[in-house]
Amino acid sequence: MALGVVSTLPACDYDDPANPDLADKFLHMMSAFNDRVQRALFNPHTLAPTFSPDQITNPPRFNAFYDISQAPVVDPASYRLELAGQIQQTAPWSLTALRALPRESQITRLICVEGWRVIGQWAGVPLRDFFRRIGADTTCQYVSFKCADGYYSSIDMESALHPQTVLALDFLGSPLTPAFGAPVRLRIPTKLGFKNPKSIMQISVGNVYTGGYWEDQGYNWFSGS
Amino acid sequence: MDQPRTRAIHPWPLRLMHWLNVVAIVMMIGSGLQIYDASPLFVFTFPPLVTIGGWLAAGIAWHLAFIWLLMGNGLAYLVWGSVTGHFRRKFFPLSPRMVAREVWAALRFKLPHRKGVYNSVQRLLYLGVIFAGIAVVVSGLGIWKPVQLWFFTDLCGGYFAARYVHFFTMAGIVAFMFIHVLLVILVPKSLPPMITGGKFLDPQS
């Protein structure tokens, strides 16, 4: 009965981001509205649920826009985390220097935009501590990430300063492996999985919207949990 | 004494909300099945004929665009139905005995049809689908915001369970829609009043 209505709708939306049709423009408008709703819903003091070690998903689930064999391998010795934008101290960070910072551990749930979820343990430097250390301007709107595999994403400053948002260095008690985002990834349990970029090469802070790999194809930008 | 007066079977706010709900529900279910296909809960997936969007990002975008129509319209219906006495008049009284008696009467083809008055099976089904509508929205909010709206997620038994609650309440609504449309096909004269309003002799005036 409803089939007639459904089949007359465009078969595929967001299929050509460069040439949005009327439906795409409507969806973009609603997605921007939903970003504002999610900003309003976001409570910086509400913590994502934490779990016990026996609830950790084993084996962990690999997920990316490529096969696990394509995961980028970054040389830990020559790795330098670049900093850009509204940051006072933009000197790059070696992995050794990052590992010398106080780390926090969390057992949290990662929910994929597809609907499935896994529980894992991550440990790393809380992003707000790192921002304090490097003198990031936390009045800016956006924090943007560029990754070794060409992936990129950005988040709102409020979520970046959430106590459970960490620059993860360890996964399941060991240093991150390439498949799970070595040498540094974002772990942000208040957002969907694709907002947790892996193998981060550059962090920048600013007021210019930079979108993201999936966001630019039509996924909702805020994508909070 | 007042003269008995005629009333619209379906007053205009109800008709407006009914047809807005048709649009919202078709869009929500079509886009929801698209989202389901990205990570199926069961062995089956849904064919493109019944999904809206074509791929996950568009399915989610449609779903989270039309949720506002579904919720706004649903909320308006609940407020309107409570304030005007529509729910009290149309859905009550209702008891298990009434349902049993009228099911038995219906099986013997002895259930009378009274224009503008629902029998107890209809009352039960309408109340049931209102409950399913509330449950599908609550579980949906629990899936969308398991951190910020954790109480909705917990109410469903956690994130994992909430996806099943969401699916089965949707399935219940679809089952209702099939019965609903089947009855309209069997009794076609029930359709025009949902467009024009219709008239019946109000038993309470």
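Above: the structure in question.
Residues numbered from 1 in each chain as written. Chains lettered and ligands numbered in written order. Predicted model: local features only at pLDDT ≥ 70, side-chain atom pairs only at ≥ 80, totals over all residues.

Q: Which residues make up the overall build of chain B, and what values do they have?
A: Along chain B, the regular secondary structure elements total 8 helices and 2 strands. The linear arrangement of helices and strands in chain B, starting from the amino end, is β-α-α-α-α-α-α-α-α-β. The principal-axis extents of the C-alpha atoms in chain B amount to approximately 60 × 35 × 35 Å. For chain B, buried positions account for 28% of its 205 residues. If you take every contact in chain B between residues at least 6 apart in sequence, the share linking residues at least 24 apart comes to 60%. (Helix = DSSP H or I, 4+ residues; strand = E, 2+ residues; numbered from the N terminus. Buried ≥ 20, exposed ≤ 12 C-beta atoms within 10 Å, placed from the backbone. Contact = placed C-beta atoms within 7 Å.)

Q: Could you give me a rundown of the pairing of strand E1 (residues 80–85) of chain A, with the residues and numbers involved?
A: Residues and elements named next belong to chain A. Bridge count for E1 against strand E2 (residues 93–94) is 2 bridges, and the pairing is antiparallel. The partner of Leu81 across the bridge, within E2, is Trp93. Sheet topology places E1 next to strand E10 (residues 200–206); 4 bridges connect them, and they run parallel. By the bridge assignment, Glu82 is partnered in E10 with Gln202. (Pairing = 2+ DSSP bridges.)

Q: Tell me what's going on with the interface of chain B and chain A, and back it up with residues and numbers.
A: Every contact between the two is made by 29 residues of chain B and, on the other side, 35 residues of chain A. Where the side of chain B that touches chain A is concerned, the elements lending two or more residues are helix H1 (12–38), helix H2 (56–83) and helix H7 (159–186) of chain B. The dominant element in the side of chain B that touches chain A, judged by the number of residues it contributes, is H2 of chain B, at 8 residues.

Q: Tell me what's going on with the sheet that holds E10 of chain A, and back it up with residues and numbers.
A: By way of backbone hydrogen bonds, the strands of a sheet pair with one another, either parallel or antiparallel. All names here are of chain A. Within the open sheet, the 5 strands sit side by side as E2-E1-E10-E5-E6. Their pairing is mixed. The two strands at the open ends of the sheet, each matched to only one other strand, are E2 and strand E6 (152–156). The sheet contact formed by strand E5 (residues 142–147) and E10 spans 6 bridges and is antiparallel. Counterpart to Tyr142 in the pairing with E10 is Gly206.

Q: Before we move on, can you summarise the packing of helix H4 (residues 96–107) of chain B against helix H5 (residues 120–144) of chain B with the specific residues and values?
A: Residues and elements named next belong to chain B. Orientation of H4 relative to H5, taken along the N-to-C sense of each, is 120 degrees, at an axis distance of 8 Å. One way to sum up the angle between H4 and H5 is to call them oblique. Residues Met98, Val99, Glu102, Val103 and Ala106 of H4 lie in contact with H5, whose contacting residues are Ser120, Val121 and Leu124. Taken together, the residues of the contact of H4 with H5 sort by class into 6 nonpolar, 1 polar and 1 charged. (Axes fitted to C-alpha atoms, helices over the stretch in contact; angles between N-to-C directions. Parallel < 35°, antiparallel > 145°, perpendicular 65-115°, else oblique. Nonpolar A, V, L, I, M, F, W, Y, C, P; charged D, E, K, R; others polar.)

Q: So, unusual backbone geometry: which residues are in play, and what are the values?
A: In this model, Ala182 of chain A is joined to Pro183 of chain A through a cis peptide bond whose omega is 0 degrees. Tracing the backbone shows Pro183 of chain A in the loop between strand E8 (174–175) and strand E9 (185–187). A cis geometry characterises the amide bond from Phe92 of chain B onward to Pro93 of chain B, with omega recorded as 0 degrees. Assignment of secondary structure puts Pro93 of chain B in the loop between helix H3 (86–91) and H4. Residues other than glycine seldom take positive phi values, yet Ser223 of chain A does so here, at roughly 40 degrees. Relative to the elements of secondary structure, Ser223 of chain A occurs in the segment after E10. Phi angles above zero are rare outside glycine, and Phe109 of chain B is one such case at about 55 degrees. Of note, Phe109 of chain B is situated in the loop between H4 and H5.

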